[in-house]
Amino acid sequence: MTDGLEQLWAGWRHRYVTDVTEAEREEPAVDGGGCVFCRLAASGPPSVENGVLWRGETCFCVLNAYPYANGHVLVLPTRHVERLEELSTAESAELWATTNDAVVAITASYRPDGLNVGANLGRAAGAGIPEHVHLHVLPRWSGDTNFMTAVAGVRVMPQTLADSWAQLRPAWPRHDGRL
């Protein structure tokens with residue numbers, strides 16, 4: 001028996017965190033110019049190529065290119081906004097409604113045991129792209145972290161992003177006849 005907090009080391013994350021931080025220092029996202037989310041916002045209608053699942057008036061939902069689980073999506077405002085408090089009332093309402101729709105779509109198409117819904121606000125909180133606020137919605141299953149993740153530092157993804165898009169897109173709730 002041990003006393004105190006135990007550690008699970010994920011050394012593979014260090015390179016990702018430092019590489020992203022260095023890239024931000026070299027090419028800051030001033031007015032969205034270098035922001036990957038702003039490029040996605042301007043990438044056209046939802047398609048398997050851009051990974052966008054749904055677009056609204058002020059927000060959209062896209063597959064996470066680096067998912068923790070198949071079906072992991074990001075919900076974000078179209079406008080380049082760094083902090084939640086900078087969102088307009090309309091953006092804030094649509095962000096939450098889109099997050100709810102993502103929960104509905106993931107639940108219908110993946111039938112998970114649970115879901116993680118949340119935001120990492122700022123680099124220190126774990127945000128990979130802190131300059132454009134976004135929410136994570138991802139399915140979880142009992143025992144979905146197996147020995148490959150714990151021992152080898154590898155996450156096994158049994159489904160391609162294209163297959164995830166094809167599974168989630170038809171499950172997206174329809175409102176006012178739009179997708």
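Structure: above.
Along every chain, residues carry numbers that run from 1 in the direction the sequence is written. Predicted model: local features are reported for residues with pLDDT of at least 70 only, side-chain atom pairs are reported and counted for 80 or more only, and whole-chain, interface and lining totals are derived from all residues. Note that water and hydrogens are dropped before the side-chain values are worked out from all heavy atoms of the structure.

Caption draft 1: Representation of helix H3 (residues 89–110) within the structure. For H3, built from 22 residues, the straight-helix expectation of 32 Å at 1.5 Å per residue is met to within 8% by its first-to-last C-alpha distance of 31 Å. For H3, every residue scored as buried is listed here: Glu91, Glu94, Leu95, Thr98, Thr99, Asp101, Ala102, Ala105, Ile106, Ser109 and Tyr110. Buried residues along H3 sit in contact with strand E1 (52–55), strand E2 (59–63), strand E3 (73–77), strand E4 (114–118), strand E5 (135–140) and helix H5 (161–168). Per the convention used, a helix needs a DSSP run of H or I reaching at least four residues, while a strand needs a run of E reaching at least two, with both numbered from the N terminus. Directly beyond the C-terminal end of H3, a positive phi value near 50° is found at Arg111. Here a helix's expected span is defined as the number of its residues, less one, multiplied by 1.5 Å. Relative accessibility decides the category of a residue: with a 1.4 Å probe and only protein chains considered, values under 20% of the type maximum give buried, values over 50% give exposed, and everything between is partly exposed. Throughout, a contact is declared for two residues whenever any of their heavy atoms are within 4.5 Å.

Caption draft 2: How the structure looks around the side chain of Ser164. Within the element layout of this structure, Ser164 appears in helix H5. When near neighbours in sequence (up to four residues on either side) are disregarded, Ser164 contacts Leu63, Asn70, Gly71, Tyr110 and Gln159.

Caption draft 3: Structural detail: H5. Every buried residue of H5 is accounted for by Ser164, Trp165 and Leu168. Buried residues of H5 fall within an arc of 100° about the axis and therefore sit on the same side. Lining the buried residues of H5 we find E1, E2, E3 and H3. What the arc describes is the spread of directions from the helix axis to the C-beta atoms.

Caption draft 4: Region of the structure containing the environment of Leu168. Relative to the helices and strands, Leu168 is located in helix H5. Given the relative accessible area of 1%, Leu168 is considered buried. Along the primary structure Leu168 and Ala102 are separated by 66 residues, whereas in three dimensions their C-alpha atoms are 8.8 Å apart. If sequence neighbours within four positions are ignored, Leu168 has contacts with Leu53, Leu63, Gly71, Val73, Ala105, Ile106, Ser109 and Tyr110.

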